Every structure is written in C-alpha cells, then in structure tokens.
Amino acid sequence: MNCAICSTEIVPSNDSEEHIIPASVGGKLKKRGVLCRSCNSNAGEKWDSELARQLNFFSVVFDVRRDRGPAPAEKVQTSSGGELLIHPGKPMTAVRPVFKSSPVAGGISYEIQARSIDEARVLLQQLARKHPALDVEAVLAGAQVNNDLLDGYLHTSTDFAGELAGRSIVKSALCWAALQGVSGTSCPEALEYLTNPTAEPCFGFINEPDPVLNRPIGVPLHCVAVSSLGTAGQLLGYVEFFGWRRTVVQLARAYSGPTVHASHFIDPRTGELLELDVDLCFDHAMVASIFDYKHCLPDQVTSSAAPVIETMLEKLRKQEADRANAEMVERAFRECGASEGEMLTEEHFRKIAASMAAQFVEYQSKLSRR
Ligand SMILES: [Zn+2]
C-alpha cells in the first residue's frame, strides 16, 4: 500500500498508526498502512493539534474518552479580565447569553453571559434575525460560565477549520477513503489541498440539509464518511464533529475509481460506535453552493447546534446539582457535632436534617436570584 498523501510505498520501517478521526477529540479507529510516518507526524503536529485546540471546549465539557486520558483543561477569559479553567467532568452551571460583539483583527469577538436555556434560546433567535453575519455557532460554543466562580461572561475562541484544521478534516476523509480501497491519487482535489499550502480549500460547511440520516437528537457525535453514490461523478467525503461542525469534502471532482459508500460514527463521550448512514447525493452545483457558505447560514447553524448545546447544558446542570448535594451533605455532617468515628445519636441526625433543609433553601434562593 502507498501513503494516501505522498504516495510513498509503505513498508514496515515507515509505517504508522493513523487515527482516522484524531485521537485528541476522542477518535478511536486507528489503522496502519494508510499514512507514512512522516505524513502522519506532520499532520498530527500541524493540523490535528489545531483542530483539537479549536474543539477543546467541547472535548472538555463532554469529557470525551481519549486514549491518552481526559482532554486538557480549557482556559477561558472572563469579562473582568481574569481567566478560568474549565476541567473535564467538573461542575459548571447553566448560562444566560447576553451577547456582545466587537471587531478584532481578523474577525469579530463575541462575549456571552447567560442564566437559563430559555433565555438563551430567545436571545439566539433575536440574534439570528438581527445579525445575519454573526458566527452563531461560536457564540454558542462560548456560552458556558461557572456561576460559582464569577458573575461576568466568558470569551472563547470563535474559529473553526481554517488552513490547518481544515487540512486535518480533509485528511480524515482521505484516510477513510483509503480504508475503502480508494488510492490517494484518485482524490486529486484532496491531494492538491493537502500538499500545496496555497491551494483553495476543497471543503465547505453544511448544516442544512442534514447529511446524517435518522440523526439521534442531541448526540455530540463524530462522523467520517465517503461516497460516490449520486454525486454526479464526484467522490465526496463528510466529516462531522460534536454533532454540529459539519463539513463536506470534495475528494475528487471527477472520480473514476470503484463505487464507494461507507461511514463511521462514534459517540466520543463513551467511545461507542453508532450505526448510522449519510446521504451525500450532492451534484456539482450543490457542492459549489456548499463551498459558497449557502448551507451554513446562522439560523441553520443554530438549529444544528441547539440540541447539542442543550445536551451540554443538561450535563452541566446535573454536575452542578451533584456538586451542591455532596457539599451540603459534607457540611451537615461536619457541623452536627459528632466526632470522627463516633456513633451518630438521634440529636446528630436531627441536626443533620435541619442543616440539610436550611442549606437546600439557601441554595434554591441563590439559584433563583441568578
Ligand atoms: Zn506520506
């Protein structure tokens, strides 16, 4: 077999284990004989690492199962000029988005404060109407605040894809095609993009129509797929992260290899594989329209992201409730007057119950003041 990128013959001395979906975001499928060691390490260092950085917020809040352990804590800026670390699996609270935007070099910076999902939904709907140019998915991605630590809002990175992470996406599609028996040389558009630093991107974003058939609602799934069925002679790839970052890759504009249609889905929270399929029946005009940002309009992105964001908020609310419960129990026992190892008396139990009740009322009142 030859390397899917550089066509070098792969022999034991230059073989490498390639993760088809990067391991850093929870990809599990790894294969030898797809990329040579040099291409693999080059792609990992330059492309996959940038993709992982862009998606790290989601890797953290969904606490993805990675071979190398939990995702690194994500640093976010607070409105008061401070910084916060969000750790995988640790409590965070629900948020109320108050959107602020300001121009920065190379784009727009968004800031958010939020309190409840209903408020978030209303504000997002207003925003989509008022600001058609707004990068809604990025705002949604940043709308996480630990209310126990600050009263301000958070500022997080808004970028996705771009010239480095975009190449990681195209590489995933190319490697998945290679596993289906498609040689790299049958994918000239992908190869041109991966090997020529100034080449035009061969991918675009698609939120509507949804290429995933029978999508499970709110699942932050990853997918890589390839198809030449109903594509008007093209070989198309599809790469999705966290259920809403959805990319169509034109691997070949004029494909003459064997017919292929294959997809791989994983729930990165558990590592579980999902039995799903994609529909990539897009002709040339449709692909051109996807590349022209016609299928990732703000309201389309919002409706793709909303169910996943809701799953995320649900998880964060549960984490916070668990944290608050554990804290109340711990405090009630500490203050009941019993010493370590002592048998608890009825009086101790009465104090514990009273303390729990008082703390619960206090906690509820704190929540309702937010
Ligand atoms: Zn190579």
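Our subject is the structure that appears above.
My aim in this report is to walk through the structure given alongside it, one point at a time. (Residues numbered from 1 in each chain as written. Predicted model: local features only at pLDDT ≥ 70, side-chain atom pairs only at ≥ 80, totals over all residues. Heavy atoms only, no water.)

### What about the overall build of the chain?
Reasoning step 1: Helices and strands together make up the secondary structure of the chain, namely 8 helices and 15 strands.
Reasoning step 2: The buried share among the 370 residues of the chain stands at 50%.
Reasoning step 3: Taking all contacts inside the chain whose residues are at least 6 apart in sequence as the whole, residues at least 24 apart take part in 68%.
Reasoning step 4: Surface exposure of the chain reaches about 17,200 Å², of which carbon and sulfur atoms provide 53%. (Helix = DSSP H or I, 4+ residues; strand = E, 2+ residues; numbered from the N terminus. Buried < 20%, exposed > 50% of the residue type's maximum accessible area, 1.4 Å probe, protein only. Contact = heavy atoms within 4.5 Å. Areas by Shrake-Rupley, 256 points an atom, 1.4 Å probe, with all protein chains shown as cover.)

### With respect to the side chain of Gln359
Reasoning step 1: Among the structural elements, Gln359 can be located in helix α8 (residues 346-369).
Reasoning step 2: For Gln359, a relative accessible area of 9% corresponds to the buried category.
Reasoning step 3: Side-chain polar atoms of Gln359 contact the backbone oxygen of Met328, separated by 3.1 Å.
Reasoning step 4: If we ignore the near neighbours within four places in the chain, the residues touching Gln359 are Glu327, Met328, Arg331 and Ala332. (Polar contact = N/O pair within 3.5 Å; in protein donor to acceptor, adjacent residues only side chain to side chain.)

### Remarks on the packing of aromatic side chains
Reasoning step 1: Within this structure, the stated rule accounts for 9 aromatic pairs.
Reasoning step 2: When the ring of Phe203 is compared with that of Phe205, the centres are 6.0 Å apart and the planes differ by 65°; the resulting orientation is edge-to-face. Each member of the pair Phe203 and Phe205 is classed as buried.
Reasoning step 3: Judged by its relative accessible area of 17%, Phe205 is buried. (Phe/Tyr/Trp six-rings, centres within 6.5 Å; stacked < 30°, edge-to-face > 60°.)

### Here we look at helix α6 (residues 284-291)
Reasoning step 1: The set of residues buried in α6 consists of Met286, Val287 and Ile290. Along the axis of α6, the buried positions cluster into a sector of 100°, meaning they face one direction only.
Reasoning step 2: Contacts from the buried residues of α6 go to β8 (203-205), β11 (235-241) and β12 (245-252).
Reasoning step 3: With its phi angle positive at about 60°, Tyr293 sits one or two positions after the end of α6. (Arc of directions from axis to C-beta.)

### Notes on the packing of helix α4 (residues 162-179) against helix α5 (residues 188-195)
Reasoning step 1: At a minimum axis separation of 10 Å, α4 and α5 run at an interaxial angle of 145°. Seen from above, α4 lies across α5 with left-handed handedness. For the pair α4 and α5, the contacting residues are Gly162, Glu163, Gly166, Arg167, Val170, Lys171 and Leu174 in the first and Ala190, Leu191, Tyr193 and Leu194 in the second.
Reasoning step 2: Of the residues assigned to the contact of α4 with α5, the class counts are 6 nonpolar, 2 polar and 3 charged. (Axes fitted to C-alpha atoms, helices over the stretch in contact; angles between N-to-C directions. Left-handed = near helix turned anticlockwise from the far one by under 90°. Nonpolar A, V, L, I, M, F, W, Y, C, P; charged D, E, K, R; others polar.)

### Some details on the pattern of salt bridges
Reasoning step 1: As enumerated under the stated definition, the model contains 18 salt bridges in all.
Reasoning step 2: Among the ionic pairs, Lys28 bridges to Asp67, the shortest N-O distance being 3.2 Å. Here Lys28, found in the loop between β1 (18-19) and β2 (30-31), pairs with Asp67, found in the loop between α1 (37-61) and β3 (74-78); they are 39 residues apart in sequence, far enough to count as distant.
Reasoning step 3: For Arg215, the salt bridge is made with Asp210, and the minimal N-O distance between the two is 2.5 Å.
Reasoning step 4: The network of salt bridges with shared partners includes Asp210, Arg215, Glu240 and Arg246. (Salt bridge = Lys/Arg side-chain N within 4 Å of Asp/Glu carboxyl O.)

### Description of the packing of α1 against helix α7 (residues 298-335)
For any two helices packed against each other, one specifies the inter-axial angle together with the distance between the axes.
Reasoning step 1: One way to put it is that α1 packs onto α7 with a least axis distance of 10 Å and a crossing angle of 45°. Taken together, α1 and α7 sit at an angle that is classed as oblique. In this structure, α1 contributes Phe57, Phe58 and Val61 to the contact, and α7 contributes Ile309, Met312 and Lys315.
Reasoning step 2: Across the contact of α1 with α7, the residue classes tally to 5 nonpolar, no polar and 1 charged. (Parallel < 35°, antiparallel > 145°, perpendicular 65-115°, else oblique.)

### Topic: α7
Reasoning step 1: Along its 38 residues, α7 runs 52 Å from first to last C-alpha, staying within 8% of the 56 Å computed at 1.5 Å per residue.
Reasoning step 2: Within α7, the axis deviates most sharply at Ala305, by approximately 35°, and proline Pro307 lies no more than four positions further along.
Reasoning step 3: Positive phi appears at Gly337, one or two residues downstream of α7, with a value of about 95°. (Expected span 1.5 Å × (residues − 1). Bend = angle between axes of the 7 residues up to and from the residue.)

### Section: the nonpolar core
Reasoning step 1: Within the largest apolar cluster, 68 residues are counted, with the highest numbers of intra-cluster contacts made by Leu174, Leu235, Phe241 and Leu251.
Reasoning step 2: Two domains each donate at least three residues to this core, and these are domain 1 (18-49 + 161-296) and domain 2 (307-369).
Reasoning step 3: In contact with Phe241, other than residues within four places in its own chain, are Ile21, Pro22, Val25, Leu51, Leu55, Phe160, Ile169, Leu221 and His222. (Core = buried A, V, L, I, M, F, W, Y, C linked by side-chain atoms within 4.5 Å. Domains from an automatic or database assignment.)

### Let's talk about the coordination of the zinc ion
Reasoning step 1: Looking at the zinc ion, one finds its protein donor set to be Cys3 (SG), Cys6 (SG), Cys36 (SG) and Cys39 (SG), positioned 2.3 Å from the metal centre.
Reasoning step 2: Considering all 4 donor atoms around the zinc ion, the spread of angles at the metal, 104 to 117°, places the coordination shape in the tetrahedral class. (Donors = N, O, S within 2.8 Å, 3.2 Å for Na, K, Ca; no water. Tetrahedral: all angles 85-135°; square planar, octahedral: opposite > 155°, others 65-115°.)

### Topic: the sheet that holds β11
Strand pairing in a sheet takes place through backbone hydrogen bonds and is either antiparallel or parallel in direction.
Reasoning step 1: A sheet is described by the order of its strands in space; here 6 strands give the open sequence β8-β12-β11-β10-β13-β14, paired in antiparallel fashion. Among the strands making up the open sheet, the edge pair consists of β8 and β14 (272-274). With direction set aside, neighbouring strand axes in the sheet form an average angle of 20°.
Reasoning step 2: Pairing of β8 with β12 involves 3 bridges; the strand directions are antiparallel. Looking at the pairing, Phe205 lines up with Thr247 of β12. (Pairing = 2+ DSSP bridges.)

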